[in-house]
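Overview (structure and organization)
Now for the letters of each chain:
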Amino acid sequence: MINNFFKLVLSEFQLMLKGSVFSFVLYCLLMISCAIFALSLKHQSVGINAQLSFLYIMIFFISLFKVEKIYGQDFNEAKIHQYLLSPFSLEIIVFVKNMMIYFNLIIFFIIFSPLILIILNIDLIYLLKINILLALSLLSIIFISSMTASITISKSNKLSLTSILTLPLFVPILIFSMAITDLIDFNTGKMYLFFIAYFLLNLAFSPLLTSFALKKLSA
Amino acid sequence: MIEVNNLSFARGNTLIYKNINFKIHPGELLLIQGANGVGKTTLLSNIVNFIDPLEGSITYNNLVIDNYIASQFFLYVGETNFAHDSLTLNQNIEYWLSIHNVKFNNSIKDKSVKYFFEELNLDKKFYQLSYGQKKKLQLLLLMLVNKPVWILDDPLNGLDDRTIINLNNLFEKKLENKGIIILSSHQNISLNNYKTLQLT
């Protein structure tokens, strides 16, 4: 069972690599939008907050698009039927998929981040801190997005609208991220703990709700 | 033994079928037939516990079929394909075997591929296959995953004559080994002894 679990992780990793082109396109679009945003602010002196808020909102959308696409492809009816008959629970499969999406997005962000910070006119001394902040918050963003995606891909259009209900779950991440950037040099270790706590909370209920939605709404 | 008692199913306000009863013992095959839309696929989904019935019960060896029972004893091959388009055939086989927690064995895999395909380049991407080849790849699971009950939704659709003969031989072997097969099809199968359920 353990061997096959690692095989499953490896297979998911292969699938993740195949989907990297889409992530690359999304990050290219992010850089274009960052350039337009930076140009629109070129005559105004604003703090780091405006650029980081913009970056966060864009990353939030990238995550939503990516998760929606992967879930649309990998959780069609036929695949869900096979997952349901697997000795691995659907929750575990959802968890592995979410983690792979996370690694895919965060690796691309780490690669692109110096360029993005330069385009947004953010000092590169913040590079590591922004990467850590995003790496921590992206975990929760992906797990919440998976709930949104699992409801959106349901057969019933009426139920798809209920995916909007998951959007308020993103708000604490945005609030705390901006609160951290308000502090001088992002220097407060305890604030980062919020993201870990919020991720653990999401880890507890998100795979359960996602797999429940996939099971019930795709039936 | 699979036992279905007074099974009814409704989608919204529409009753799809009512009071279905049957028993299938090890070594028996049940062929579900009927016109389009009478609920053949729905009945199979009910048996595998993908959807809950309106009324009635389905048991396997006197145990009510839940997610655990279904995942331990049932293998389902539906009409639509479950393989990943972007993966090669080899990667797809490995992926789905790991999902079904089957230890990967290259010689068994090669024999199974040869049984259905004669010759096939396993480094091809899944989307490069024809409809019939895709269907055959799905049916490979029957040879590679060892579960006592097979639930098959229209397995003969899109297959050539040679593969249909091979599949019938496979059914015979499964029944000899006291397996249970429930399948829906518009075509008759060339086995001597099987039960039929006609849905109207």
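Each chain carries its own residue numbering, running from 1 in the direction its sequence is written. All chains are assigned letters beginning at A, and all ligands numbers beginning at 1, according to the order in which they are written. Local features in this predicted model are restricted to residues whose pLDDT is 70 or higher, and side-chain atom pairs enter the listing and the counts only when it is 80 or higher, whereas totals over whole chains, interfaces and linings include all residues. As a rule here, side-chain values cover all heavy atoms of the structure and leave hydrogens and water aside.

Now for the overall build of chain A. Within chain A, the secondary structure is distributed over 9 helices and 0 strands. Tracing chain A from N to C terminus, the helices and strands come up as α-α-α-α-α-α-α-α-α. Taken over the C-alpha trace, chain A has a radius of gyration of 18 Å; the compact-globule value for 219 residues is 17 Å, and the two agree within 12%. Here's how the labels work: a residue is buried when its accessible area is under 20% of the maximum for its type, exposed when over 50%, partly exposed in between, all with a 1.4 Å probe on protein chains only. For chain A, buried positions account for 51% of its 219 residues. Excluding contacts between residues fewer than 6 apart, the proportion of contacts in chain A whose partners are at least 24 apart in sequence is 78%. Comment: elements are numbered from the N terminus, with helices defined as DSSP H or I runs of at least four residues and strands as E runs of at least two. What the globule rule says is 2.2 Å times the number of residues to the power 0.38, and the radius of gyration is computed from C-alpha atoms. Whether two residues are in contact is decided by their heavy atoms: any pair within 4.5 Å suffices.

All names here are of chain B. Each salt bridge in this description consists of a side-chain nitrogen of Lys or Arg and a carboxyl oxygen of Asp or Glu lying within 4 Å of one another. Summed over the entire model, instances satisfying the criterion amount to 5 salt bridges over all chains. Measuring nitrogen to oxygen at the nearest pair gives 3.2 Å for the salt bridge that ties Lys195 to Glu28. Note that Lys195 is positioned in strand 9 (residues 195–198) and Glu28 in the loop between strand 2 (14–24) and strand 3 (29–33), a separation of 167 residues in sequence. Taking the relative accessible area as the measure of exposure, Lys195 reaches 31% and is therefore partly exposed. Asp160 is paired through a salt bridge with Lys136; the nearest N and O atoms lie 3.8 Å apart. Linking Asp160 in the loop between strand 7 (149–153) and helix 6 (161–176) with Lys136 in helix 5 (residues 131–144), this pair joins segments that are 24 residues apart in sequence. With a relative accessible area of 38%, Asp160 lands in the partly exposed category.

The element helix 4 (residues 77–84) of chain A is extensively covered by neighbouring structure, given that 7 of its 8 residues are classed as buried. Ala78, Lys79, Ile80, His81, Gln82, Tyr83 and Leu84 of chain A are the residues of helix 4 of chain A that are buried.

All names here are of chain B. On the basis of which strands lie adjacent, the open sheet formed by 4 strands has the order 2-1-4-5 and antiparallel pairing. In this open sheet, the two edge strands, each paired with only one partner strand, are strand 2 and strand 5 (63–64). At least two bridges found by DSSP between two strands are what make those strands a pair. Summarising the sheet, strand 4 (residues 55–60) and strand 5 pair through 2 bridges and their orientation is antiparallel. Considered in strand 5, the bridge of Tyr60 is made with Leu63.

With a phi close to 70°, Asn49 of chain B is a non-glycine residue in the positive phi region. Of note, Asn49 of chain B is situated in the loop between helix 1 (40–47) and strand 4.

Let us now look at the nonpolar core. One finds Tyr27, Leu55 and Ile116 of chain A together with Phe74 and Ile182 of chain B to be the most contacted residues of the largest nonpolar core, which totals 138 residues. Among the elements that take part in this core, helix 5 (residues 90–119) of chain A stands out by supplying 13 residues, more than any other. If we ignore the near neighbours within four places in the chain, the residues touching Ile182 of chain B are Ile2, Ile24, Leu30, Ile32, Leu44, Ile47, Trp150, Ile151 and Leu152 of chain B. By nonpolar core we mean a set of buried residues, namely Ala, Val, Leu, Ile, Met, Phe, Trp, Tyr and Cys, connected to one another through side-chain atoms within 4.5 Å.

What follows is about the confidence of the model for chain A. Note: pLDDT gives the predictor's confidence per residue, expressed from 0 to 100. Residues at a pLDDT of 70 or more form 92% of chain A, whose mean pLDDT is 85. Taking the mean pLDDT of every element in chain A, the minimum, 66, falls on helix 7 (residues 157–160) of chain A and the maximum, 92, on helix 5 of chain A.

What follows covers the packing of aromatic side chains. Each Phe, Tyr or Trp ring (for Trp, its six-membered ring) is paired with any other whose centre lies within 6.5 Å, and the angle between the two planes then decides the class: stacked below 30 degrees, edge-to-face above 60, tilted in between. Under the definition given, this model contains 25 aromatic pairs over all chains. Summarising the aromatic geometry, the rings of Phe194 of chain A and Tyr198 of chain A are spaced 5.4 Å apart at their centres and angled 15° between planes, so their arrangement reads as stacked. Placement of the pair is Phe194 of chain A and Tyr198 of chain A together in helix 9 (residues 189–217), with a separation of 4 residues, close to one helical turn. This pair shows no difference in class: Phe194 of chain A is buried, exactly as Tyr198 of chain A is. Through successive ring pairs, a cluster of aromatic residues spans Tyr71, Phe75 and Tyr83 of chain A together with Phe82, Tyr95 and Trp96 of chain B. Of note, Lys97 of chain A hangs over the ring of Phe75 of chain A, and the distance from its end group to the ring centre comes to 5.7 Å. Two conditions define a charge sitting above a ring: the NZ of Lys or the CZ of Arg must be within 6 Å of the ring centre, and it must be within 35 degrees of the ring normal.

Okay, the side chain of Ser71 of chain B next. Mapping Ser71 of chain B onto the fold places it in helix 2 (residues 67–73). Beyond its immediate stretch of four places on either side in the chain, Ser71 of chain B contacts Leu84, Leu85 and Ser86 of chain A together with Lys147 of chain B.

Let's shift gears to the confidence of the model for chain B. With 100% of its residues at a pLDDT of at least 70, chain B reaches an overall mean of 86. Per the prediction output, this complex has pTM 0.87; the corresponding ipTM is 0.90.

All names here are of chain B. Taken together, the 5 strands give an open sheet; going across it, the order is 6-7-8-3-9, and neighbouring strands pair in parallel fashion. Both outer strands of the open sheet, strand 6 (74–77) and strand 9, are each paired with one neighbouring strand and no more. Averaged over all pairs of adjacent strands, the angle between their axes in this sheet comes to 15°, without regard to strand direction. Examined bridge by bridge, strand 7 and strand 8 (residues 180–184) share 5 bridges and lie parallel to one another. Residue pairing across strands places Trp150 opposite Ile181, the latter belonging to strand 8. To obtain each axis, a line is fitted to C-alpha atoms, and for helices this fit is confined to the stretch in contact; angles are then taken between N-to-C directions over 0 to 180 degrees.

Let's shift gears to the pairing of strand 7 of chain B. Residue and element names in this part refer to chain B. Taking burial as the measure, the 5 residues of strand 7 include 5 buried ones, the bulk of the element. Neither face of strand 7 is exposed, since Val149, Ile151 and Asp153 on one face and Trp150 and Leu152 on the opposite face are all buried. For strand 6 and strand 7, the ladder comprises 4 bridges, and the chain directions are parallel. By the bridge assignment for strand 7, Phe74 is matched with Val149. We call a crossover right-handed when, viewed with both strands directed away from the observer, the connection leading from the first strand over the helix to the second proceeds clockwise. Crossover strand 7 to strand 8 through helix 6 is right-handed.

A common measure of how large an interface is: the accessible area buried when the components associate. At the interface, 31 residues of chain B touch 25 residues of chain A. Buried area is calculated as the accessible area (1.4 Å probe) missing from two parts once they are joined, with the contributions of both summed. For the pairing of chain B and chain A, the buried interface totals around 2,400 Å² over both sides, and the portion due to carbon and sulfur atoms is 59%. Counting every contact that joins chain B to chain A gives 0 salt bridges. In protein, a polar contact means a hydrogen-donor-capable atom and an acceptor-capable atom, both N or O and within 3.5 Å, with residues adjacent in sequence counting only if both atoms are side-chain atoms; elsewhere, any N or O pair within 3.5 Å suffices. Where chain B touches chain A, the interface holds 7 residue pairs in polar contact (both at pLDDT 80 or more). Where the side of chain B that touches chain A is concerned, the elements lending two or more residues are helix 2, strand 6 and helix 3 (89–99) of chain B. Top element by residues in the side of chain B that touches chain A is helix 3 of chain B. It accounts for 5 residues. Each residue gets one of three labels, nonpolar for Ala, Val, Leu, Ile, Met, Phe, Trp, Tyr, Cys and Pro, charged for Asp, Glu, Lys and Arg, and polar for the others, Gly among them. Of the residues assigned to the side of chain B that touches chain A, the class counts are 17 nonpolar, 10 polar and 4 charged.

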